[in-house]
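# Chains, contacts and geometry: an overview
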Amino acid sequence: MADTAPTAAPLRSPLGQARDRLAAVTRASRGAVRLAELPFLTQLDVRLDPKGAAADAVGLALGLTLPVEPDTVVRAGELTALWLGPDEWLVVAPPGRDIADRVREAGGDEPVSVVDVSAQRTTLLVSGPRARDLLAHGCSLDLHRRAFRAGRCAQTTLGRTQVVLVARDEPSAGFWVLVRSSFAGYLADWLVDAAVEWTGPDL
């Protein structure tokens, strides 16, 4: 008898069809701008009282201290915690990491909200010596190294698209641009077009 059990469909990244165009920017700019998608990162929206017992317990379970300074990032091992608000964080982990239950269990009976938003966004990596210049074309933030240094994050707009922008912990590591999946294609096109200064018009 034939096996009729359904098989899981392969995951499709929001920017799978844009992969070649993003790579072409890297080649055409000779590395001045490097663009790539980091698909399927685990992303948890965590809300709790930063002064309550749950904050310490969740931090201990994750192996990091949730940042309390606005617009800052804390990284420990493979986990990154982004400050989104006085009682809200985005915890980012490599693809397939099941950390939601760990956070919920650590919270115990304390009021803790944990929502897996991994499917809501994808992540673009923007790096290279001219990465800041490229982002500055469409972002109103002051992206000078003194103002938006490594370890900073912000909810902002880029090319009229709502994003979470993260300056990675080493300057050469560039930026994460977390964007809603439904706007990812538009933003990728915008980045490719904005990079014409370094790629030339024939890309």
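Cut-offs applied
Residues numbered from 1 in each chain as written. Predicted model: local features only at pLDDT ≥ 70, side-chain atom pairs only at ≥ 80, totals over all residues. Heavy atoms only, no water. Helix = DSSP H or I, 4+ residues; strand = E, 2+ residues; numbered from the N terminus. Contact = heavy atoms within 4.5 Å. Buried < 20%, exposed > 50% of the residue type's maximum accessible area, 1.4 Å probe, protein only. Axes fitted to C-alpha atoms, helices over the stretch in contact; angles between N-to-C directions. Left-handed = near helix turned anticlockwise from the far one by under 90°. Nonpolar A, V, L, I, M, F, W, Y, C, P; charged D, E, K, R; others polar. Pairing = 2+ DSSP bridges. Arc of directions from axis to C-beta. Phe/Tyr/Trp six-rings, centres within 6.5 Å; stacked < 30°, edge-to-face > 60°.

We now examine the side chain of Glu88. Counting through the fold element by element, Glu88 comes out in strand β5 (residues 88-93). Discounting chain neighbours no more than four positions away, the residues touching Glu88 are Asp45, Val46, Arg47, Leu82 and Trp83.

The subject of this paragraph is the environment of Pro50. With respect to the secondary-structure elements, Pro50 resides in the loop between β2 (42-47) and α2 (53-62). For Pro50, a relative accessible area of 31% translates into the label partly exposed. Among all residues touching Pro50, those that are not within four sequence positions of it are Ala55, Val68, Pro86, Asp87 and Trp89.

Looking now at the packing of α2 against helix α3 (residues 100-107). Close contact between α2 and α3 brings their axes to 8 Å; oriented N to C, the two are set at 145 degrees. As α2 runs across α3, the sense of the crossing is right-handed. Of the residues in α3, those in contact with Ala54, Ala57, Val58, Ala61 and Leu62 of α2 are Arg102, Val103, Ala106 and Gly107. Residues that form the contact of α2 with α3 fall into these classes: 7 nonpolar, 1 polar and 1 charged.

Our focus in this paragraph is the pairing of strand β4 (residues 79-85). Counting buried positions over the 7 residues of β4 gives 7, a clear majority of the element. The pairing of strand β3 (residues 73-76) with β4 spans 4 bridges and is classified as antiparallel. Looking across to β4, one finds that Arg75 is bridged to Thr80. In textbook terms, the turn of a hairpin is the stretch between consecutive antiparallel strands, and for β3 and β4 this stretch comprises 2 residues, one of which, Gly77, has a positive phi near 60 degrees. By the bridge criterion, 5 bridges tie β4 to β5 in an arrangement that is antiparallel. For Thr80, the partnering residue across the bridge sits in β5 and is Val92. Here β4 folds back onto β5, and the loop between the two strands holds 2 residues.

Bringing α3 into the picture now. Every buried residue of α3 is accounted for by Ala100, Val103 and Gly107. When α3 is viewed along its axis, its buried side chains cluster within an angular range of 70 degrees and face the same direction. Each element contacted by the buried residues of α3 is listed here: β2, α2 and β6 (113-116).

Another point: the packing of aromatic side chains. Per the counting criterion, the structure on display carries 1 aromatic pair. Aromatic side chains Phe148 and Phe175 sit 6.4 Å apart centroid to centroid with 10 degrees between the ring planes, which places their arrangement in the stacked category. Taken together, the positions of Phe148 in the loop between α4 (131-136) and β8 (153-158) and Phe175 in strand β10 (residues 175-180) put the pair 27 residues apart, joining distant regions of the chain. Assessed through its relative accessible area of 3%, Phe175 is described here as buried.

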